[in-house]
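# Remarks on the overall topology
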Amino acid sequence: MAPLRSLDAFAKPIDGIRERSVTGGFITLLASATAGLLFLSQIIVYLQVQTRHSMHLAESVPSMLFSNNAANTLMGHRIPLRVHVTFPHLHCTALDYSHDGNALSSGKFDHYHKAPFTFTKRKPTVQEYKTAAVSGFGPESALNERRTSGCTLLGTLHIPRVGGTMSISVSPDAWRRATSLLSFGVDPSKDPDPFNGRLPNVTHFIHDVTFGAPFPPGDNPLQNTLHVMDNGSGVALANVAVKLVPTTYKRTFHSAQETYQASVSRHIVQPETLAAQRSTLLPGLLITYDFTPLAVSHVESRENWFVFLSSLVGIVGGVFVTVGLVSGCLVNSVQSVAKKMD
């Protein structure tokens with residue numbers, strides 16, 4: 001054991017020779033407080049999340065335009081499009097919707113979008129009607145009767161990752177009937193007129209329109225948005241253009257998530273403009289979306305655990321070693337001065 005004892009770099013002083021003093025205790029308390037503060041600050045720095053942003057070209061994926069195979073969604077060929085919109089003054093029988101020109105009224109929408117990935121129309125709830133109508137819904141007793149004249153569209157589509165359009169508008173039959181009554185006083189249908197001889201009011205409230213997985217740190221500009229057609233007739237087209245930015249969102253201790261950020265511009269197209277341009281678009285809501293070729297990476301991370309641990313050990317050990325060296329130098333200096341004075 002003697003050879004091993006000779007290698008001991010941590011020789012222990014003998015208690016009888018070791019001297020304790022008030023100054024030494026004060027220095028020890030000061031060193032401990034300094035080490036504790038540095039220790040606490042290092043923990044705070046470790047708990048803070050560092051965010052890094054970077055841009056790169058988005059990955060190209062093939063688009064299965066008219067395939068309803070669920071495997072395509074898992075492979076990233078399609079993303080969910082969730083829609084929740086309320087028209088408080090448009091009856092469900094007069095509401096039409098389409099995606100990429102495939103309309104419900106023509107039968108093509110149901111051909112390309114099978115359940116459960118489709119839209120449904122229903123009478124709005126009390127809260128939906130109050131939010132969309134804003135005012136003029138009368139007393140609570142008349143609310144149930146008034147909301148039967150409105151319609152709520154909701155559902156989820158799986159769309160290919162290419163640009164496209166989605167529209168929610170007055171149905172062609174309802175539009176022809178309304179314009180025929182106003183222009184010629186002739187009603188081509190024998191059913192009761194849902195508009196009471198007036199043009200349809202397409203004021204609507206967008207509860208939520210979401211493309212893919214939402215980006216958690218950001219806000220969705222297509223949520224809780226009201227488009228009021230206040231031109232007197234209630235007829236206009238809300239034109240919404242959406243640019244979708246693919247964004248990879250990575251949190252600490254979580255797997256990466258593929259999300260989409262949306263940049264939105266919107267304007268109301270008046271009926272005079274639609275007529276002057278000989279547009280075939282009907283009053284309502286038109287959403288045009290496209291995907292940018294650039295993608296964003298949003299990575300949230302913390303300092304490496306081993307770096308953090310080594311920093312803590314270095315702080316505690318370094319403080320006491322430094323204080324020991326300084327105190328030793330001071331004690332030796334005082335002793336040298338005292339000897340010279342003697």
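Above this note sits the structure.
First, a word on what this report is: a plain description of the structure on this page. Just so we're clear, the structure is a prediction, and the values are computed from it rather than from any experiment.

## Focus: the overall build of the chain
- Within the chain, the regular secondary structure consists of nine helices and 13 strands.
- Taken over 342 residues, the chain has a buried fraction of 32%.
- Summarising the internal contacts of the chain: among those between residues at least 6 apart in sequence, 77% fall at separations of at least 24.

## Considering the pattern of salt bridges
- Following the criterion strictly, the structure yields three salt bridges and no others.
- For the salt bridge of D173 with R176, the shortest nitrogen-to-oxygen distance reads 2.3 Å. Here D173 and its partner R176 are both found in helix α7 (residues 172–184), three residues apart, which amounts to about one turn of the helix.

## Some thoughts on the nonpolar core
- Within the largest apolar cluster, 36 residues are counted, with the highest numbers of intra-cluster contacts made by I168, V209, F211 and L285.
- Going through the elements one at a time, β2 (78–87), β3 (95–99), β6 (151–160), β7 (164–170), β8 (204–211), β10 (237–250) and β12 (284–291) are the ones with two or more residues in this core.
- Here the element with the most residues in this core is β2; it accounts for five residues.
- Apart from the residues lying within four places of it in its own chain, the contact partners of V209 are L81, R82, V83, V85, N220, L222 and I287.

## Some thoughts on unusual backbone geometry
- A cis amide bond, omega 10°, links A115 with the succeeding residue P116.
- By the secondary structure assignment, P116 is in the loop between α4 (108–112) and β5 (119–122).
- A positive phi angle, close to 55°, is found at D100, a residue other than glycine.
- Position of D100 relative to the elements: it lies in the loop between β3 and β4 (102–103).
- According to the relative accessible area criterion, D100 is partly exposed, its value standing at 38%.

Quick notes on the rules
Residues numbered from 1 in each chain as written. Predicted model: local features only at pLDDT ≥ 70, side-chain atom pairs only at ≥ 80, totals over all residues. Heavy atoms only, no water. Helix = DSSP H or I, 4+ residues; strand = E, 2+ residues; numbered from the N terminus. Buried < 20%, exposed > 50% of the residue type's maximum accessible area, 1.4 Å probe, protein only. Contact = heavy atoms within 4.5 Å. Salt bridge = Lys/Arg side-chain N within 4 Å of Asp/Glu carboxyl O. Core = buried A, V, L, I, M, F, W, Y, C linked by side-chain atoms within 4.5 Å.

Worth remembering: the numbers are spatial, not functional.
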